[in-house]
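Summary of the model geometry
The primary structure of each chain is shown beneath.
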Amino acid sequence: MKQKIRLFSIILFALLCSGMDAIAQFSPQFDGVVGNYERTLVVNNFNDGTAALQALIDDVSSQPTGGTIKLSGNIKLSNVYLKSNVHIDIAKGSIIKGDVALTKVAIFEIGNSATAIQNVKIFCSQSDRTKPNEDIAEKFVFDLTEFGMNGKVRAIFLSNVTNFWLSDIYIKDALTQFNGITMNPYILQTSTDNSIHPGLRDYQVVGSPSKGDVHNIYGKDQHYGYGLIQIQSARDVNFVKLSGNGGVILRLESGSNIQYVGTDNEQEFGVIKGIKASDISQTNGFAAVMLSPHGRVNGDVYMENIKSTSSAFAVVMAAGFFDAELKDTNGNLVDPVKFKKGRFSGPVVIKNVHAIFGLNAYGRLVQEYNYVEKSVQAQYPWATLTVSAETDKARIIPSAAAIGHLSLPSKTAIPDIVEGEYVAQIDGPITSSGFQPCLTSYYNNTVYENDSKNVDCSILSVQKNEVEEVELAVFPNPAKDFVAINSKYRINHLELYNVTGVLVKSYSEFDNETSIRLNLSGLTKGVYFFKIWTNGEVVKKKLIVN
């Protein structure tokens, strides 16, 4: 019997893999055009060109249909404010530095005001985007190295902006303390009594980056706690061909000032949703993609072709949590009604992830190290690992897994749709190379919260790795037109919920049946959950409908 079930599982897995299709080529979000008006600025010897460029931006933006600025040379810029209908075409090979005399520098600020700007573009028309993404010769450069480790600088800061394009950028970092590119909501504090705790004040989210495309960007030597791009809030944005080393390449992390806005407020502007990411790769860092919703109920995310080499994970999905700033002096949440742990209402779709094992990943406070397989931990004990340059809290660790689904306690868990948990719909193969065999065969390249300190190949016998006869099985899974449920005991009642916890269907009055077949017609594609009453217990099973 075990052999038959094992053969069925192998066939089902093969069918699943063969049926995986990549997300279709993303349709561009950006559709901005400008008139033929053109201005040129050449600056050499890293002279400060801020005033000259700002004057050109003001001039071009004042034209009825905007225009393009051709920028080239070796130039110093700091706090340049882009305006509507201005496209900046930067010659490849140009190097831009920020002014180290300023604190919290943003070299380009886009939409940092209550008045939204639109139709803006920073790019290199000369770039050959078919070349490898790390090819510095095909890009222009933001050189942040003069700020030194822990310097507070961003290459580009986006806030209240819609219809934007960023591409062809090489960010040469130096372990600075901000992400190279940051997307934040623009928030107004509407209450005036600053003696009140920030979490109890009133805020209005005016806008956030929306309808944009970010392509062909590389980051070098990024801080482990930051990285290439961080999204505090963004809507309907494509991210294609992003890569680099250190930190996180694409952070979907809704913290910062948005944490003070109530969890269920400002759903239109103050969230992360409509995000599509493809061809995201990471080397020697924490993760290629990180989802960390803090205290926001975010929306849908689609990601494909994610790769990590010698990083802790390729994809990390952290549970929602409360920022320390939302607590009073006693460590209590200032308003439990206003604030809930964040999550993604979804769907979160993941396709085609590959992780390559290495010894130069980053682990924080032993958190990620706990997911490293036990025999590897024995070979590389925490106390002997190199402390990272950025902080004494992090160390250089071995890779843990392809996916860290740390928003759920286990792969069979039903997400708490109120507090911090969410699921991912894994529609494509999750593969790895160089890891211990049990990571692939038993954990399926994905570890969950409860797997911490328990990823141990030595305790997984051959028998445990086999698919044993179970008391209750749901198949096929993924399913399309129907699903069968076989139970060792009589099935009394069952309910089907969607990923947001809404009851979709309810079935009862089975006539001593231990095997039932359910019609799935009318169900949309996605992740669902069964609650099945049998033998005096409630069994929970996940179902994917294709």
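Residues numbered from 1 in each chain as written. Predicted model: local features only at pLDDT ≥ 70, side-chain atom pairs only at ≥ 80, totals over all residues. Heavy atoms only, no water.

**Describing the overall build of the chain**
Defined as follows: The helix count covers DSSP runs of H or I at least four residues long, the strand count covers runs of E at least two residues long, and both are numbered beginning at the N terminus. Put simply, the radius of gyration uses C-alpha atoms, and a globule should come to 2.2 Å times the residue count raised to 0.38. Every accessible area reported is derived by Shrake-Rupley at a probe size of 1.4 Å, with residue values counting cover from the shown protein chains alone. The charge count includes Lys and Arg as positive and Asp and Glu as negative, but it does not include His or the ends of the chains. Every charge is mapped onto a representative atom, which is NZ of Lys, CZ of Arg, CG of Asp or CD of Glu.
Of the regular secondary structure elements, the chain holds 5 helices and 37 strands. Relative to the globule expectation of 24 Å for 546 residues, the C-alpha radius of gyration of the chain, 25 Å, shows essentially globular dimensions. Entry remark: accessible area of the chain is about 22,900 Å², with carbon and sulfur atoms responsible for 50%. Separation of charge centres in the chain, based on 50 positive and 54 negative side chains, amounts to 2 Å.

**Quick look at the state of the cysteines**
To be explicit about the condition: Throughout, disulfides are identified as pairs of cysteine sulfur atoms within 2.5 Å of each other. For every residue, the accessible area obtained with a 1.4 Å probe (protein chains only) is divided by the maximum for its type, and the residue is called buried under 20%, exposed over 50%, and partly exposed between those limits.
Enumeration over the complete set of coordinates arrives at 1 disulfide. What pairs with Cys438 in a disulfide is Cys457, and their sulfur atoms sit 2.2 Å apart. On the S-S bond that ties Cys438 to Cys457, the torsion sits near -85°, and the link is left-handed. Of this pair, Cys438 sits in helix H4 (residues 437-441) while Cys457 sits in the loop between strand S30 (446-448) and helix H5 (462-465), and the two are 19 residues apart along the sequence. As far as the burial class goes, Cys438 and Cys457 line up, both buried.

**Quick notes on the pattern of salt bridges**
What counts is decided by this rule: We count a salt bridge whenever a side-chain nitrogen from Lys or Arg sits within 4 Å of a carboxyl oxygen from Asp or Glu.
On inspection of all chains with the given rule, the structure shows 12 salt bridges. Here Lys92 and Glu138 are joined by a salt bridge, their closest N and O atoms 3.3 Å apart. Here Lys92 is found in the loop between strand S4 (86-90) and strand S5 (95-97), whereas its partner Glu138 is found in the loop between strand S7 (117-123) and strand S8 (140-143), with 46 residues between them in sequence. Here Lys92 falls in the partly exposed class, since its relative accessible area comes to 34%. Residue class for Glu138 comes out buried when judged on its relative accessible area of 8%.

**Focus on the sheet that holds strand S31 (residues 472-475)**
Going by this rule: Here, any two strands with at least 2 DSSP bridges between them count as paired. Axes here refer to lines fitted to C-alpha atoms; in helices the fit is confined to the stretch in contact. Angles between the N-to-C directions go from 0 to 180 degrees.
Read from one edge of the open sheet, 3 strands run S31-S32-S35, paired in antiparallel fashion. Strand pairing shows two members of the sheet lacking a second neighbour, S31 and strand S35 (515-519), which therefore form its edges. Here the strands of the sheet are splayed against their neighbours by 15° on average, with no regard to which way each runs. Two elements, S31 and strand S32 (residues 482-487), share 4 bridges in a ladder whose sense is antiparallel. If you follow Phe475 over to S32, its bridge partner there is Ala484.

**Section: the sheet that holds strand S6 (residues 105-110)**
Test applied: Pairs of residues are marked as contacts when any of their non-hydrogen atoms sit within 4.5 Å.
With parallel pairing, 10 strands are arranged side by side in an open sheet as S3-S6-S9-S11-S15-S17-S19-S22-S27-S30. Looking at which strands have only one partner, the edges of the open sheet turn out to be strand S3 (80-82) and S30. Taken pair by pair, the neighbouring strands of this sheet meet at an average axis angle of 15°, ignoring direction. In this structure, strand S27 (residues 403-405) lies alongside S30, joined through 3 bridges in parallel fashion. Each bridged residue has a counterpart across the sheet, and for Ile403 the counterpart in S30 is Thr446. Each of S3 and S6 touches helix H2 (residues 50-61); the most contacted strand, S3, lies at about 15° to it.

**Digging into the pairing of strand S26 (residues 394-397)**
When a strand is regular, its side chains alternate between the sheet's two faces. The two faces of S26 match: Ala394 and Ile396 on one face and Arg395 and Ile397 on the other face are all buried. The pairing of strand S25 (residues 361-364) with S26 spans 4 bridges and is antiparallel. Counterpart to Gly363 in the pairing with S26 is Arg395.

**Topic: the confidence of the model for the chain**
The line we're drawing: The predictor attaches a confidence to each residue, called pLDDT, with possible values from 0 through 100.
With 92% of its residues at a pLDDT of 70 or more, the chain shows a mean pLDDT of 88. Here residues 1-24 is a poorly scored stretch, pLDDT under 50, and it has 24 contacts once near neighbours within four places are set aside; other chains count. Per-residue pLDDT stays below 50 along residues 461-470; that stretch engages in 15 contacts with residues further than four places along the chain or on separate chains.

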